[in-house]
Amino acid sequence: MSDLGAVEVYDRLLASIGQRAASIGPKGLASHWPHVGNNYRGLVVAGQALQGWDPQVAGVRWHASDARTEEGRAAIIERTRTWFADADDPVGVIATLSNRRGSPFWRLCRDVVEALERDGRGRWYSRFAWANVYPVGPDDPPGSPGGALKEAQDPHVGALFAALLDALDPRRVVVISGPAYWWHPARSPAFASLPTQEFPLLRGGRVDGRTVVVGYHPTYARRKRVGAEAYAAKIVEAVTAIEAGP
């Protein structure tokens, strides 16, 4: 399926970053396009925001001022979409890093994928597509976007996430995010009607024929005494209930 719609929204998001370049400053930025596992069959797991790239990963790094021109934005999008194209497995580029695979997010990813794609082929990280609700984050030092960088993306992330899902055409979508990073997509037409779910989940239901479950970031859930295994079980329970339907 074409990702032209997602590219158009991504360009608008980057233009917004370029317009705020003076406020964002000269710090390096990192950008993300969904990584699709070699054995993807329709499960997307999305984090709340890209938190830079590891030094050993040749991810795309740039500056807000680079997004001021149409040519600059086109170059950023092209590099962001293709830098991992030659990897043995696009998700494995990140999921196998020693400092990532034990993190709360990636531990929860593994538990969810192994539960929802238990009969899939290949390693667990090859069985899903990894996305981020906020695709641009600080790169040095890495972290979630805040201030002007987050504000520049706020008006666009809902439409971008919906467009990316149209391109990926998943059956199931699990969003692992805090409310501050889900707030803007939640207000967009595509996701506004999702019913409230019990903690550690936020929302869950059907969107355009897809099962969508949104939950708190696993670090926050762990502070509230919900570990990765219990959290994954809650996600699977919600997916099962939604798909069973009334």
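Residues numbered from 1 in each chain as written. Predicted model: local features only at pLDDT ≥ 70, side-chain atom pairs only at ≥ 80, totals over all residues. Heavy atoms only, no water.

A. Structural view of the side chain of H32. Residue placement: H32 occurs in the loop between β1 (29–31) and β2 (35–36). The residues contacting H32, other than those within four sequence positions of it, are Y10, L50, W53, T80, W130, A131, N132 and P135. (Helix = DSSP H or I, 4+ residues; strand = E, 2+ residues; numbered from the N terminus. Contact = heavy atoms within 4.5 Å.)

B. Spotlight on the pairing of strand β8 (residues 201–207). Most of β8 sits inside the fold, with five of its seven residues counted as buried. The sheet contact formed by β8 and strand β9 (residues 210–215) spans six bridges and is antiparallel. Each bridged residue has a counterpart across the sheet, and for L201 the counterpart in β9 is G215. Linking β8 back to β9 in an antiparallel pair, the connection comprises two residues, with D208 at a positive phi of about 55°. (Buried < 20%, exposed > 50% of the residue type's maximum accessible area, 1.4 Å probe, protein only. Pairing = 2+ DSSP bridges.)

C. Spatial organisation of the packing of aromatic side chains. Under the definition given, this model contains 16 aromatic pairs. Measuring from ring centre to ring centre gives 5.2 Å for W106 and W130, while their planes differ by 65°; the resulting arrangement is edge-to-face. Here W130 lies in strand β5 (residues 129–134) and W106 lies in helix α5 (residues 104–116), a separation of 24 residues in the sequence. There is no split in this pair, since W106 and W130 are both buried. Centroid distance Y134 to Y181: 5.3 Å. Interplanar angle 90°. Geometry classified as edge-to-face. Of this pair, Y134 sits in strand β5 while Y181 sits in helix α8 (residues 179–187), and the two are 47 residues apart along the sequence. Each of the two residues, Y134 as well as Y181, counts as buried. Each residue in the set W53, W83, F84, F105, W106, W124, Y125, F128 and W130 is aromatic and connected to the rest through ring pairs, giving one cluster. (Phe/Tyr/Trp six-rings, centres within 6.5 Å; stacked < 30°, edge-to-face > 60°.)

D. Broad picture of the layout of surface pockets. Approximately 350 Å³ is the volume attributed to the largest pocket. Looking at the lining of the largest pocket, the elements with two or more residues in it are β3 (43–49), α5 and β5. By residue class, the composition of the lining of the largest pocket is nine nonpolar, nine polar and two charged. (1 Å grid on protein atoms, 1.4 Å probe; cavity = no way out; pocket = protein on both sides within 12 Å on 5 of 7 lines; lining within 4 Å. Points joined across faces, edges and corners; volume = space filled by probe spheres on them. Nonpolar A, V, L, I, M, F, W, Y, C, P; charged D, E, K, R; others polar.)

E. Unusual backbone geometry, seen in detail. Cis geometry is adopted by the peptide bond preceding P141, which originates at D140 and carries an omega value of -5°. Considering the arrangement of structural elements, one finds P141 in the loop between β6 (136–138) and α6 (147–153). Of note, the bond from F199 into P200 is cis; its omega dihedral lies within 30 degrees of zero at 15°. Note on placement: P200 falls in the loop between α8 and β8. Phi is positive for D169, which is not a glycine, with a value near 50°. Position of D169 relative to the elements: it lies in the loop between α7 (157–168) and β7 (172–176). Given the relative accessible area of 45%, D169 is considered partly exposed. Positive phi, close to 70°, is recorded for R225, a residue that is not glycine. Among the secondary structure elements, R225 is positioned in the loop between α9 (218–223) and α10 (228–244).

Treat this as a map of the structure, not an account of what it does.
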